[in-house]
Structure formats: C-alpha cells, structure tokens
Amino acid sequence: MTAPRTPPRHPVLDVRELTKVYGEGTAAVHALRGVSLDVAAGDYVAIMGSSGSGKSTLMNILGCLDVPSGGRYLLDGVDVGRLADRQLALVRNRLIGFVFQAFNLIPRTSALANVELPLAYAGVRAGARRRRALAALDAVGLADRAGHHPNQLSGGQQQRVAVARALVTEPALVLADEPTGNLDSRSTDDILAVLDQLNAAGRTIVLITHEPEVGARAGRLIRLFDGQVHSDVRQRPTGRHAAVGVPR
C-alpha cells in the first residue's frame with residue numbers, strides 16, 4: 001500500500017474550547033464544556049469516559065458528523081466550522097477513515113467491493129480502485145479473503161475489512177468508534193494488533209472506547225468527565241517508533 005503522506009507541520013487535529021449544548025434554558029444539556037486538545041501526525045490516541053462524559057459527542061464533532069455550539073476545530077489544517085455541507089461531505093470522504101462498532105459492511109458484496117466503496121464515491125476509476133483496495137486488504141492481513149462476503153467472515157475479519165475501507169482513501173485521520181465493542185477477546189486482540197501496526201507505519205489514529213484494556217494499547221490516553229478533559233497521559237511512543245505484526 002502507498003506510504004502515508006509526509007506529515008504536515010500543523011496538527012492533524014487542533015481543537016480549541018469546543019462546547020456543545022443540546023436544548024435551551026432550564027432543559028439545556030452541556031455535553032461538552034470547553035474541550036481543547038491537539039493530535040500530531042502519527043499519534044495514536046484513545047479517548048475514554050463513562051456514559052454522559054461527552055466522548056460520543058466529541059467523536060461526532062471530530063468526524064464532522066455534528067457541529068459544535070462554540071469553539072474551533074481544525075482538521076489537517078482545515079477550519080471545519082467554515083465549510084458548507086458539500087465541503088464537509090468531501091472532508092469526511094477524503095480526510096477521515098471511519099471504523100464503527102457495527103462494521104457497516106454491505107452484506108451481499110465482496111470484501112473487495114466494500115473496501116472500494118469510498119473510492120467509488122470519490123470518482124476513482126475502476127482499475128485504480130481495485131489496486132488500492134487490494135493493497136488495503138493486504139495491509140490488514142486479508143488479501144486472501146478479497147472475494148468473500150461479510151457472512152463468510154468472522155466478526156474480527158469483518159472489522160478488519162472495515163479498517164481496510166477506512167485506510168483506502170489515504171486519510172489524514174483514522175477515527176475508530178468502539179471498534180472492538182462487538183468482538184470476542186481473540187478478535188479484539190487481532191484488531192488492536194492491526195491498529196498498532198498501522199500506527200507503527202505512521203497512521204494517525206483516534207479511538208473512542210469504554211474498555212480499559214483497549215485504551216491501554218494507545219500511545220496516549222485522554223479521559224473525559226462531565227464534558228471536559230479530565231486527564232491526558234502519554235503511555236508509550238507512537239508512530240514509527242513501535243511496530244507490531246499484522247495477524248493473518
């Protein structure tokens with residue numbers, strides 16, 4: 001697979017005093033209360049918090065699926081708050097690779113076709129789509145399953161297809177929302193090994209989780225509490241300083 005782009009001089013994520021309020025008056029719910037953080041290219045960050053901490057709201061804003069009530073958010077140097085809806089859709093397709101808990105694969109379509117999908121939306125020609133999708137499947141250890149449909153794959157393999165789909169556009173950021181939430185312990189280890197390997201190759205990863213063992217695998221752990229950053233701890237080196245093999 002093509003090597004990740006040369007890291008930009010600006011952070012991949014630059015978040016300043018983000019707030020999010022749902023409702024008005026006495027019924028207002030302050031989901032985020034001035035969250036600030038930045039994520040450098042090649043970092044691997046886990047964001048944790050209990051129910052109501054604001055982590056899902058923050059994930060939706062980081063993924064350009066929702067807008068903050070206040071504050072500023074730059075993604076790969078782009079001020080997201082200044083973008084129109086069509087521009088936001090392009091940002092989601094080109095700058096962010098999403099991995100969801102539920103896999104979100106198309107059931108009656110091969111693994112290869114599922115991985116090609118973001119490139120089809122981006123207007124990439126068929127031959128180039130196929131080459132890039134095969135390379136992405138190889139990067140997650142599933143090149144030999146390219147022709148299999150989701151119901152022919154284990155849960156862990158389906159999530160690896162989802163990771164390959166997230167990688168195929170060469171995004172600035174891989175954003176994973178509870179990526180191991182539907183997996184058994186062995187499949188969880190497989191997915192975390194894939195994420196470790198991708199980060200070792202230079203990928204920037206932000207992972208939302210409520211599982212301590214998953215958060216412990218990241219290079220940096222941010223804990224949210226009542227809509228604010230409660231702690232932000234560096235746990236280990238990230239990027240090209242740590243390498244782990246991909247499960248086969």
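Going by the structure above, here's the rest.
Keep in mind that this is a model prediction, so the values were computed, not measured.

Trainee: Which parts of the structure should I look at to understand the layout of surface pockets?
Mentor: Where empty space is left becomes clear once a probe the size of a water molecule has been rolled over the atoms. Taken as a whole, the largest pocket spans an internal volume of roughly 340 Å³. Looking at the lining of the largest pocket, the elements with two or more residues in it are helix H2 (85-94), strand S6 (96-100), helix H3 (111-121) and helix H5 (155-167). A total of four residues in the lining of the largest pocket trace back to one element, the largest contributor, which is S6. Classifying every residue of the lining of the largest pocket by side-chain character gives eight nonpolar, four polar and two charged.

Trainee: I would appreciate a short explanation of helix H6 (residues 185-200) in the present structure.
Mentor: Structurally, the α-helix is built with 3.6 residues per turn, so residues lying three or four positions apart point the same way. Between its terminal C-alpha atoms H6 stretches 22 Å, which fits the 22 Å expected from 16 residues at 1.5 Å a residue. Among the residues making up H6, those that are buried are Ser 187, Thr 188, Ile 191, Leu 192, Ala 193, Val 194, Leu 195, Asp 196, Leu 198, Asn 199 and Ala 200. Its buried side turned inward, H6 meets strand S3 (44-48), H5, strand S8 (205-209) and helix H7 (212-215). Where H6 begins, the capping side chain belongs to Asp 184, and its oxygen is found 3.3 Å from the backbone nitrogen of Arg 186. Just downstream of H6, Gly 202 is the residue with a positive phi angle, here 110°.

Trainee: Just to check I follow, could you spell out the side chain of Glu 116 for this structure?
Mentor: Mapped onto the elements, Glu 116 comes out in helix H3. Non-local contacts of Glu 116, meaning those with residues more than four positions away in its chain, are made with Arg 129, Arg 130 and Ala 133.

Trainee: Looking at this structure, how should I read the pattern of salt bridges?
Mentor: Between side chains of opposite charge, pairing is possible as soon as their charged atoms come close. Enumeration according to the criterion identifies 13 salt bridges in this entry. For the salt bridge of Glu 170 with Arg 203, the shortest nitrogen-to-oxygen distance reads 2.8 Å. Separated by 33 residues along the polypeptide, Glu 170 in the loop between H5 and strand S7 (173-177) and Arg 203 in the loop between H6 and S8 bring together distant segments of the chain. A salt bridge links Asp 196 to Arg 217; its shortest N-O distance comes to 2.7 Å. In this pair, Asp 196 sits in helix H6 while Arg 217 sits in the loop between H7 and strand S9 (220-225), placing the two residues 21 residues apart along the sequence. A residue is classified by how much of its surface remains accessible, and Asp 196, at 8% relative accessible area, is buried. Salt bridges linked by common partners bring Asp 43, Arg 220, Asp 232 and Arg 234 together as one network.

Trainee: Is there a simple way to think about the packing of H5 against H6 in this case?
Mentor: The geometry of a pair of packed helices is captured by two quantities: the angle between their axes and the separation between those axes. Running from N to C, H5 and H6 cross one another at 20°; their axes reach a closest spacing of 9 Å. One way to sum up the angle between H5 and H6 is to call them roughly parallel. The hand of the H5/H6 crossing is right-handed. Here Gly 156, Gln 159, Arg 160, Val 163 and Leu 167 of H5 come into contact with H6, specifically with Ser 187, Asp 190, Ile 191, Val 194 and Leu 198. Among the residues forming the contact of H5 with H6, the class breakdown is five nonpolar, three polar and two charged.

Trainee: So what exactly am I meant to see when it comes to the sheet that holds strand S2 (residues 29-39) here?
Mentor: Backbone hydrogen bonds are what pair the strands of a sheet, in a parallel or an antiparallel way. Spatially, S2-S1-S4-S5 is the arrangement adopted by the four strands of the open sheet, whose pairing is antiparallel. The open sheet has two edge strands, S2 and strand S5 (78-79), and neither has a second partner. Inspection of the sheet shows strand S1 (residues 13-22) paired to S2 by eight bridges, in the antiparallel sense. Within S2, the position partnered with Tyr 22 by the bridge is Val 29.

Trainee: I would appreciate a short explanation of the packing of aromatic side chains in the present structure.
Mentor: Aromatic ring pairs are reported here in terms of the distance separating the ring centres and the angle at which the planes meet. Scanning the model with the defined rule gives one aromatic pair in all. Their ring planes at 5° and their centres at 5.6 Å tell us that Phe 98 and Phe 100 sit as a pair that is stacked. According to the relative accessible area criterion, Phe 98 is buried, its value standing at 14%. Exposure remark for Phe 100: the relative accessible area of 25% places this residue in the partly exposed category.

Trainee: What exactly am I supposed to notice about the nonpolar core here?
Mentor: Where a protein is soluble and globular, its nonpolar side chains tend to be buried together. Counting residues in hydrophobic clusters, the biggest one holds 38 residues, and the most contacted among them are Val 115, Leu 137 and Val 161. In terms of residue count, the dominant contributor to this core is H5 (six residues). Val 115 has contacts with Ala 133, Ala 136, Leu 137, Val 161, Ala 164, Arg 165 and Val 168, leaving out every residue within four places of it along the chain. In this structure, Cys 64, Val 80, Ile 96 and Leu 173 belong to the second largest nonpolar core, which totals 30 residues.

Definitions and limits used
- Residues numbered from 1 in each chain as written.
- Predicted model: local features only at pLDDT ≥ 70, side-chain atom pairs only at ≥ 80, totals over all residues.
- Heavy atoms only, no water.
- 1 Å grid on protein atoms, 1.4 Å probe; cavity = no way out; pocket = protein on both sides within 12 Å on 5 of 7 lines; lining within 4 Å.
- Points joined across faces, edges and corners; volume = space filled by probe spheres on them.
- Helix = DSSP H or I, 4+ residues; strand = E, 2+ residues; numbered from the N terminus.
- Nonpolar A, V, L, I, M, F, W, Y, C, P; charged D, E, K, R; others polar.
- Expected span 1.5 Å × (residues − 1).
- Buried < 20%, exposed > 50% of the residue type's maximum accessible area, 1.4 Å probe, protein only.
- Contact = heavy atoms within 4.5 Å.
- Polar contact = N/O pair within 3.5 Å; in protein donor to acceptor, adjacent residues only side chain to side chain.
- Salt bridge = Lys/Arg side-chain N within 4 Å of Asp/Glu carboxyl O.
- Axes fitted to C-alpha atoms, helices over the stretch in contact; angles between N-to-C directions.
- Parallel < 35°, antiparallel > 145°, perpendicular 65-115°, else oblique.
- Left-handed = near helix turned anticlockwise from the far one by under 90°.
- Pairing = 2+ DSSP bridges.
- Phe/Tyr/Trp six-rings, centres within 6.5 Å; stacked < 30°, edge-to-face > 60°.
- Core = buried A, V, L, I, M, F, W, Y, C linked by side-chain atoms within 4.5 Å.

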